[in-house]
Amino acid sequence: MKVALISDIHDHAANLVQALGLAEAAGCTHLICLGDMVRSATFRTLRLSWPFGIDLVFGNNERERRIFEQLAAQFHNTTLHGDRGEVELDGRRIYFTHQPEHAQNALLAGCFDAVFFGHTHQAFNKTFGRTLAANPGEITGRAGKPSYGIYDTADNTVSIHPF
(Lines give C-alpha, C1' and ligand atoms only; values in the text may rest on other atoms or scores of the structure.)
Protein backbone atom coordinates (compact mmCIF):
# COMPACT_ATOMS: atom_id res chain seq x y z
CA MET A 1 0.00 0.00 0.00
CA LYS A 2 1.22 3.50 -0.81
CA VAL A 3 0.34 6.26 1.64
CA ALA A 4 0.70 9.97 0.86
CA LEU A 5 2.30 12.07 3.61
CA ILE A 6 1.77 15.83 3.77
CA SER A 7 2.49 18.54 6.32
CA ASP A 8 2.61 22.28 6.82
CA ILE A 9 0.11 23.37 4.20
CA HIS A 10 -0.40 26.83 5.75
CA ASP A 11 -3.45 27.52 3.57
CA HIS A 12 -1.55 27.09 0.30
CA ALA A 13 -4.49 25.46 -1.51
CA ALA A 14 -2.92 25.41 -4.99
CA ASN A 15 0.14 23.46 -3.79
CA LEU A 16 -2.10 21.18 -1.74
CA VAL A 17 -4.26 20.24 -4.72
CA GLN A 18 -1.15 19.73 -6.88
CA ALA A 19 0.51 17.45 -4.29
CA LEU A 20 -2.67 15.40 -3.84
CA GLY A 21 -2.97 14.93 -7.60
CA LEU A 22 0.64 13.82 -7.86
CA ALA A 23 0.26 11.40 -4.93
CA GLU A 24 -2.90 9.88 -6.39
CA ALA A 25 -1.21 9.51 -9.81
CA ALA A 26 1.68 7.72 -8.05
CA GLY A 27 -0.74 5.12 -6.70
CA CYS A 28 -1.34 6.35 -3.16
CA THR A 29 -4.62 5.09 -1.71
CA HIS A 30 -4.47 6.65 1.76
CA LEU A 31 -3.30 9.97 3.21
CA ILE A 32 -1.74 11.00 6.50
CA CYS A 33 -1.74 14.75 7.13
CA LEU A 34 0.71 15.90 9.79
CA GLY A 35 -0.90 19.23 10.61
CA ASP A 36 -0.73 22.95 10.00
CA MET A 37 -3.55 23.14 7.54
CA VAL A 38 -4.38 26.38 9.42
CA ARG A 39 -7.95 27.31 8.36
CA SER A 40 -10.96 25.05 8.04
CA ALA A 41 -11.32 26.05 4.36
CA THR A 42 -8.01 24.26 3.72
CA PHE A 43 -9.33 21.16 5.50
CA ARG A 44 -12.40 21.25 3.22
CA THR A 45 -10.15 21.53 0.16
CA LEU A 46 -8.08 18.61 1.42
CA ARG A 47 -11.09 16.37 1.98
CA LEU A 48 -12.83 17.30 -1.26
CA SER A 49 -9.65 16.83 -3.33
CA TRP A 50 -8.68 13.41 -1.97
CA PRO A 51 -10.94 10.43 -2.85
CA PHE A 52 -9.47 7.97 -0.33
CA GLY A 53 -9.16 7.66 3.44
CA ILE A 54 -7.47 10.35 5.51
CA ASP A 55 -5.93 10.26 8.97
CA LEU A 56 -4.83 13.62 10.29
CA VAL A 57 -3.58 15.47 13.34
CA PHE A 58 -3.59 19.08 14.41
CA GLY A 59 -0.54 21.24 13.95
CA ASN A 60 0.34 24.23 16.08
CA ASN A 61 -1.49 26.68 13.77
CA GLU A 62 -5.03 25.28 13.65
CA ARG A 63 -7.06 27.98 15.39
CA GLU A 64 -10.49 26.53 14.50
CA ARG A 65 -10.11 23.16 16.21
CA ARG A 66 -13.81 22.76 17.03
CA ILE A 67 -14.74 23.44 13.41
CA PHE A 68 -12.12 20.92 12.26
CA GLU A 69 -13.64 18.32 14.61
CA GLN A 70 -17.14 19.04 13.31
CA LEU A 71 -16.00 18.76 9.69
CA ALA A 72 -14.11 15.52 10.32
CA ALA A 73 -17.27 14.01 11.79
CA GLN A 74 -19.24 14.99 8.68
CA PHE A 75 -16.75 13.75 6.09
CA HIS A 76 -16.61 10.09 5.09
CA ASN A 77 -13.47 8.05 5.69
CA THR A 78 -11.79 10.85 7.68
CA THR A 79 -10.29 10.47 11.15
CA LEU A 80 -9.01 13.46 13.10
CA HIS A 81 -6.82 12.07 15.90
CA GLY A 82 -6.11 15.27 17.86
CA ASP A 83 -2.44 16.08 18.45
CA ARG A 84 -1.15 12.51 17.98
CA GLY A 85 -2.38 9.54 16.03
CA GLU A 86 -1.78 5.83 15.71
CA VAL A 87 -3.06 3.60 12.92
CA GLU A 88 -2.35 0.20 11.49
CA LEU A 89 -2.21 0.12 7.71
CA ASP A 90 -1.37 -3.01 5.77
CA GLY A 91 -0.01 -4.62 8.94
CA ARG A 92 2.28 -1.67 9.79
CA ARG A 93 1.96 0.17 13.12
CA ILE A 94 2.25 3.88 12.39
CA TYR A 95 2.52 6.82 14.78
CA PHE A 96 2.10 10.38 13.53
CA THR A 97 2.13 13.87 14.98
CA HIS A 98 3.01 17.40 14.06
CA GLN A 99 5.56 17.87 16.83
CA PRO A 100 9.09 16.45 16.49
CA GLU A 101 9.43 15.93 20.26
CA HIS A 102 6.33 13.70 20.31
CA ALA A 103 7.76 11.76 17.38
CA GLN A 104 11.05 11.33 19.20
CA ASN A 105 9.27 9.85 22.22
CA ALA A 106 7.39 7.41 19.97
CA LEU A 107 10.61 6.51 18.22
CA LEU A 108 12.32 5.78 21.53
CA ALA A 109 9.40 3.57 22.57
CA GLY A 110 10.39 1.24 19.71
CA CYS A 111 6.92 -0.21 19.19
CA PHE A 112 6.12 1.32 15.78
CA ASP A 113 7.18 0.43 12.27
CA ALA A 114 7.03 4.07 11.21
CA VAL A 115 6.91 7.46 12.95
CA PHE A 116 5.95 10.56 10.96
CA PHE A 117 6.09 14.23 11.99
CA GLY A 118 5.96 17.74 10.54
CA HIS A 119 6.55 21.24 11.94
CA THR A 120 10.17 21.77 10.82
CA HIS A 121 9.31 22.36 7.14
CA GLN A 122 12.36 20.23 6.32
CA ALA A 123 12.19 16.78 4.73
CA PHE A 124 13.71 14.04 6.87
CA ASN A 125 13.97 10.30 6.24
CA LYS A 126 16.01 7.94 8.41
CA THR A 127 15.71 4.49 9.93
CA PHE A 128 16.53 3.91 13.58
CA GLY A 129 16.81 0.19 14.28
CA ARG A 130 13.63 -1.25 12.80
CA THR A 131 11.67 2.03 12.96
CA LEU A 132 11.40 4.47 10.08
CA ALA A 133 11.21 8.17 11.00
CA ALA A 134 10.22 10.71 8.37
CA ASN A 135 9.03 14.24 7.75
CA PRO A 136 7.67 14.91 4.23
CA GLY A 137 8.71 18.56 4.29
CA GLU A 138 6.18 21.28 3.56
CA ILE A 139 3.35 21.84 1.12
CA THR A 140 3.49 25.63 1.49
CA GLY A 141 6.94 26.09 -0.05
CA ARG A 142 7.78 28.85 2.41
CA ALA A 143 11.18 27.43 3.40
CA GLY A 144 12.07 26.09 -0.04
CA LYS A 145 10.61 23.80 -2.67
CA PRO A 146 7.30 22.22 -1.62
CA SER A 147 7.33 18.47 -1.11
CA TYR A 148 5.26 15.50 -0.01
CA GLY A 149 6.17 11.95 0.91
CA ILE A 150 5.07 8.50 -0.18
CA TYR A 151 5.21 5.77 2.43
CA ASP A 152 5.34 2.22 1.07
CA THR A 153 4.03 -0.25 3.62
CA ALA A 154 5.42 -3.21 1.67
CA ASP A 155 9.03 -2.34 2.46
CA ASN A 156 8.56 0.27 5.20
CA THR A 157 10.24 3.08 3.24
CA VAL A 158 9.48 6.71 2.46
CA SER A 159 10.38 8.63 -0.67
CA ILE A 160 10.29 12.44 -0.65
CA HIS A 161 8.89 14.18 -3.74
CA PRO A 162 9.61 17.87 -4.33
CA PHE A 163 7.33 19.53 -6.86
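Note: the structure precedes this text.
Throughout what follows, the structure given in this document is the object of discussion. As the structure is a prediction and not an experimental result, all values here were calculated from the model. (Residues numbered from 1 in each chain as written. Predicted model: local features only at pLDDT ≥ 70, side-chain atom pairs only at ≥ 80, totals over all residues. Heavy atoms only, no water.)

Regarding the pattern of salt bridges
1) Next: Across all of its chains, the model carries five salt bridges by this definition.
2) Next: Notably, a salt bridge pairs Arg65 with Asp83, separated by 3.1 Å at the nearest N-O pair. One end of the pair, Arg65, is in helix H3 (residues 65-74); the other, Asp83, is in the loop between strand S4 (78-80) and strand S5 (84-89), with 18 residues separating them in the sequence.
3) Next: Owing to a relative accessible area of 38%, Asp83 belongs among the partly exposed residues under this scheme.
4) Next: The partner of Asp113 in a salt bridge is Arg130, and the shortest N-O contact between them spans 2.9 Å. Here Asp113, found in the loop between helix H4 (100-109) and strand S7 (114-116), pairs with Arg130, found in the loop between strand S8 (123-128) and strand S9 (131-136); they are 17 residues apart in sequence, far enough to count as distant.
5) Next: Residue classification places Arg130 among the partly exposed positions, given a relative accessible area of 49%.
6) Next: Each of Arg92, Asp113 and Arg130 takes part in one network of salt bridges that share partners. (Salt bridge = Lys/Arg side-chain N within 4 Å of Asp/Glu carboxyl O. Helix = DSSP H or I, 4+ residues; strand = E, 2+ residues; numbered from the N terminus. Buried < 20%, exposed > 50% of the residue type's maximum accessible area, 1.4 Å probe, protein only.)

Section: the sheet that holds strand S11 (residues 157-162)
1) Next: With mixed pairing, the six strands of this open sheet are ordered in space as S4-S3-S2-S1-S10-S11. Two strands close off the open sheet at either side, each with one partner strand: S4 and S11. Geometrically, the sheet is characterised by an average inter-axis angle of 20 degrees between neighbouring strands, direction not taken into account.
2) Next: Across three bridges, strand S3 (residues 53-56) lies against S4 in parallel orientation. Residue pairing across strands places Asp55 opposite Thr79, the latter belonging to S4.
3) Next: Strand contacts of helix H2 (residues 40-49): strand S1 (2-6), strand S2 (30-33), S3 and S4, with the helix running at about 150 degrees to S3, the strand carrying the most contacts. (Pairing = 2+ DSSP bridges. Axes fitted to C-alpha atoms, helices over the stretch in contact; angles between N-to-C directions. Contact = heavy atoms within 4.5 Å.)

Quick look at the packing of H2 against H3
1) Next: Between H2 and H3, the shortest axis-to-axis distance is 10 Å and the interhelical angle comes to 20 degrees. By the angle between their directions, the pair H2 and H3 is classed as roughly parallel. As for the relative orientation of H2 and H3, their crossing is right-handed in sense. Contacts between H2 and H3 involve Ser40, Phe43 and Arg44 from the former and Ile67, Phe68, Leu71 and Ala72 from the latter.
2) Next: In terms of residue class, the contact of H2 with H3 is built from five nonpolar, one polar and one charged. (Parallel < 35°, antiparallel > 145°, perpendicular 65-115°, else oblique. Left-handed = near helix turned anticlockwise from the far one by under 90°. Nonpolar A, V, L, I, M, F, W, Y, C, P; charged D, E, K, R; others polar.)

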